[in-house]
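Chain by chain, the residues:
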Amino acid sequence: MMKRFSLSRSVSATSTARSLPAWWVITRRELRDTLTDWRLLIPLIMLALALPLLVASAMLVFIRFTEQLELATQIVPFAILLVGFLPAGFSLILALESFAGERERQTLETLLAMPLGDRELYLAKLVAALALPLLGTLLSQLVFSAILWLFAVDVALVAFQPLRVMLLLALVMTMALVMVSGAVIISSHVMTVRAASLLSSLILVPLALIVQLIAFLIVGERWDLVVAVWLGLNALVVLLVQTGMRSFSREELLAREQLRRPWFGLRPRRQITWFHGGPIWVIARREMIEITRDWRSMMLLVFLTILMPTGLVAGIHALLPRLDDPLAIAPLIPFGGVLAGFVPISFALVAALESFVGERERNTLESLCALPVSDRQLFLGKLVGTLTIPLVTGLATQYLFYGMVAFGLPALYTDSMSPDLLMQMGLLTVTVALALVTGAVSLSIHAGSVREASLLASGILLPTTALLQTQAPYFIARRFDVIWLAMLAIFVIGLAFLRSGLQTFRRAAIFSRSREEIGLRRLWQVFRRFFNEYQPAGTPLYAYAGLPFSPVRFYRYELLALLRELRLPLAVSLLAAIGGFGFGWIQARVVVFPAVERALDLIAVGPAPSLLLALFVFFNNLRVSILSNLLAPVSLGVFPFLVPATVFAQIGYVCGRLIERGGVGLDSPIAFLVAYLLPHGIIELPVFMISAALGLRMGAALLTAPGEFTVGENLLWAVAQAVKVWLLLIAPLVLLAALVEGLLTPLVIMWVY
């Protein structure tokens, strides 16, 4: 949403608040625009919900698996630091566009004309830019702490030491201040948001290294040095704020050339008529020239290309003397190359994020849409142009790392790499770049501003980063067959984004969106229409009869029609269940968990019937299903897909272990299924399949738009149907299944065994 500064409004605002500082006029307006813009708050809130859940789940699984509760004193503090740092980094776009964004929206001159001094103006922008990072940091840490206290009280009691928690909170807040202070300085000295976003790596990369340093200090129980790091960051905040206020000059900002300075005095050829070739190549060349003609952006990419492999190799050299076997880290060399290539790809994603929405903010969207090319050619041209730079940068960084390892540590390279593996790692980087860039370009179609697109990018970066991190154990185990499956999954996601972009991109729609205002009241009206009355997806809003909500009509007519429409997501849920059961069965032959073996030894001793057990099961199942569906749009349906896959994988693993233990008597898998699963599972498992199908439908809503729906209307339709089915079908059946599991299943266990 474009912020419009009116001098008359600012004067009247100043006259009504004479007792307040002059800079508060701008700050208050910026805060009001930020904290009331649902397009900014919803992605930030989703990130603040998803990230703590992922980190807490992974941490608790690790602690429970190792059965070492004392590890919580080391892992939980670092997790608190991590869940606070990442949301602040993702929401940094508000600070990065504080002045550069005003220039692109052509409101900079009006802003600078306000009756404020340079320092007051700079301070106003700085304070306003702190809103989103601090909000994201505090919300994420609050959610993480609540998850531990609600679902792992024993871990929370061990890990939450008041003084250390307060220090970590202050540390994260200080890092947010460092990021925002540096970002505002960058924004006041660059011409475009794209250049500011790329230069933000000069802030994020050093701070990420500081986070790693603090992690080592926490593990080593060196909290005195953690305090020293915090004091040093506070001094850096003071230095950055003072430097920014002293270097800011509105005269210099106004006098700066509107065009970026060309390389070596050569003016780039910017006219589209100068380009030759097919329409896709013409648009791609135009995009690549726009990216490469900013020398600051290119120098930064070169800096990252050299810094990442050099830093990783230096870390390996520092680690080797401490290892008894220097070849012990050889399995991590392939993963290190992928990680080195992923970092510059993620920073170069800025060009893809603003591929269309940036044209709108630079007022070049009309000329772009007027080109004599088809919608498909225009989209593919933008995609090729924005994909080339990240792909080349990522591959160069990756193979530079492998080359430095080969020349500097030949024994380690020989033990870890091979020609086939080099090719596979390169293909993995290509698939990651394809998925990230196609997703970013698709987001750029639907976003209202570069700020929104940057915040929504967390929905692509987080799942991709999590998927790469989950592959680290398979790299260590040299299970590169599993890596091929991960590559296939990432490639399918990239194709889904590509299909979504090609289907939903219409230049007339994206051009009209620049004038479109969508408020919360309008969203609520559309949601209520979808909720009250069922019509197939794609039915235009004017075709709805405006019927009131009726549970009787839902049970008699709408439920069956909705299930017929969900037949594809239901089939995918069934496929996930079958695949999960098979995966668990296979793993039972090769992996043995001591905790599971001890539970199987006591399989004949079931729990006592209890209403408290029923309530615990009810709230636990409700939590898993609701959270997976809430995260469905962010993860494109990955989390709902994992629910039936994980549940049936556990069932398959237990059945497989019982077969391995003999398969008869107490170890009979049939007896286990009849006693432990059948009584409540006949209700619970189909309900979870329906819940997963609804989540898959919400995730798929962002990839296509049926009929006359927009992507936003498609998502609202899917959410409305999910809420309605949850209230009228899933929640009552989950309660019934929990009562059966808590009161009846224990009796069946005693009868069978």
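Sequence order as written defines residue numbering, which begins from 1 separately in each chain. Owing to the predicted nature of the model, reporting of local features is limited to residues with pLDDT of at least 70; listing and counting of side-chain atom pairs is limited to 80 or more, with chain, interface and lining totals taken over all residues. Neither water nor hydrogens contribute to the side-chain values; these are computed over all heavy atoms in the structure.

Student: How do you make sense of the pattern of salt bridges when you look at a structure like this?
Tutor: Opposite charge on two side chains allows them to pair when their charged atoms are near. Here a salt bridge means any side-chain nitrogen of Lys or Arg lying within 4 Å of a carboxyl oxygen belonging to Asp or Glu. Applying the stated criterion to the full structure yields 6 salt bridges. Of the charged contacts in the structure, one is a salt bridge between arginine 657 and glutamate 597, with a shortest N-O distance of 2.9 Å. Linking arginine 657 in helix H36 (residues 638-660) with glutamate 597 in helix H33 (residues 594-601), this pair joins segments that are 60 residues apart in sequence. For the residue pair arginine 657 and glutamate 597, the accessibility class agrees, reading buried in each case. When salt bridges with common partners are traced through the structure, they connect Glu597, Asp601, Arg657 and Arg661 into a single cluster. Secondary structure elements follow DSSP: runs of H or I no shorter than four residues count as helices, runs of E no shorter than two count as strands, and numbering proceeds from the N terminus. Think of it in three bands: with a 1.4 Å probe and only protein chains considered, a residue is buried below 20% of the maximum accessible area for its type, exposed above 50%, and partly exposed in between.

Student: Sorry, what's going on with the confidence of the model for the chain here?
Tutor: When pLDDT drops low, the exact placement of atoms in the prediction is not to be read closely. Note on scores: pLDDT gives the predictor's confidence for each residue, bounded by 0 and 100. With 83% of its residues at a pLDDT of at least 70, the chain reaches an overall mean of 78. No element of the chain has a lower mean pLDDT than helix H1 (residues 7-16), which averages 42, and none a higher one than helix H31 (residues 551-565), which averages 89. Only heavy atoms enter the contact rule, under which two residues are in contact if any of them lie within 4.5 Å. Across residues 1-18 the pLDDT falls below 50, and counting only partners more than four positions away or on other chains, this stretch makes 33 contacts in the model.

Student: Honestly, H31 in this entry has me stumped. Any pointers?
Tutor: An α-helical turn contains 3.6 residues, so any two residues separated by three or four positions project in the same direction. Considering bend angle alone, the principal kink of H31 is centred on glutamate 558 and spans about 50 degrees. Those residues of H31 lying buried are Arg553, Phe554, Glu558, Leu559, Ala561 and Leu562. Across the chain, bend at a residue is computed as the angle between axes fitted to the seven residues ending at that point and the seven starting from it.

Student: What exactly am I supposed to notice about the packing of aromatic side chains here?
Tutor: Here the distance between the centres and the angle between the planes together describe a pair of aromatic rings. Side-chain rings of Phe, Tyr and Trp (the six-membered ring for Trp) are treated as a pair once their centres are within 6.5 Å; stacked means planes under 30 degrees apart, edge-to-face means over 60, and tilted covers the remaining angles. All told, the structure shown has 14 aromatic pairs when counted by the stated rule. With a centroid separation of 6.3 Å and 50 degrees between ring planes, the pair formed by tyrosine 534 and tryptophan 717 is classed as tilted. Taken together, the residues span a long stretch of sequence, with tyrosine 534 in the loop between helix H30 (520-532) and H31 and tryptophan 717 in helix H38 (residues 711-752) at a distance of 183 residues. Each member of the pair, tyrosine 534 as well as tryptophan 717, carries the same accessibility label: buried. Chaining the aromatic ring pairs together yields one cluster made of Trp524, Phe527, Phe531 and Phe549.

Student: Explain the nonpolar core here, please?
Tutor: Most often, soluble globular proteins keep nonpolar side chains buried together rather than apart. Among buried residues, the Ala, Val, Leu, Ile, Met, Phe, Trp, Tyr and Cys ones that are joined through side-chain atoms within 4.5 Å form a nonpolar core. Judged by nonpolar contacts, the single largest core of 80 residues is most densely connected at Val76, Phe144 and Leu148. The biggest single contributor to this core is helix H11 (residues 162-187), with 13 residues. Once you skip the residues sitting within four places of it in the chain, valine 76 turns out to touch Met59, Phe144, Leu148, Val155, Ala159 and Phe160.

Student: Sorry, what's going on with a nonpolar patch on the surface here?
Tutor: Residues Leu611, Leu612, Leu615, Phe619, Leu735, Leu739 and Leu743 make up a contiguous nonpolar surface patch of about 650 Å² in total accessible area. If you list the elements that add at least two residues to the nonpolar patch, you get helix H34 (611-630) and H38. No other element matches H34, which puts 4 residues into the nonpolar patch. Exposure above 30% relative accessible area and the lack of any salt bridge qualify a residue for a patch; like charges then connect within 9 Å, and the nonpolar side chains Val, Leu, Ile, Met, Phe, Trp and Tyr within 5 Å. Residue burial considers only the protein chains on display, and all accessible areas are found by Shrake-Rupley using a 1.4 Å probe.

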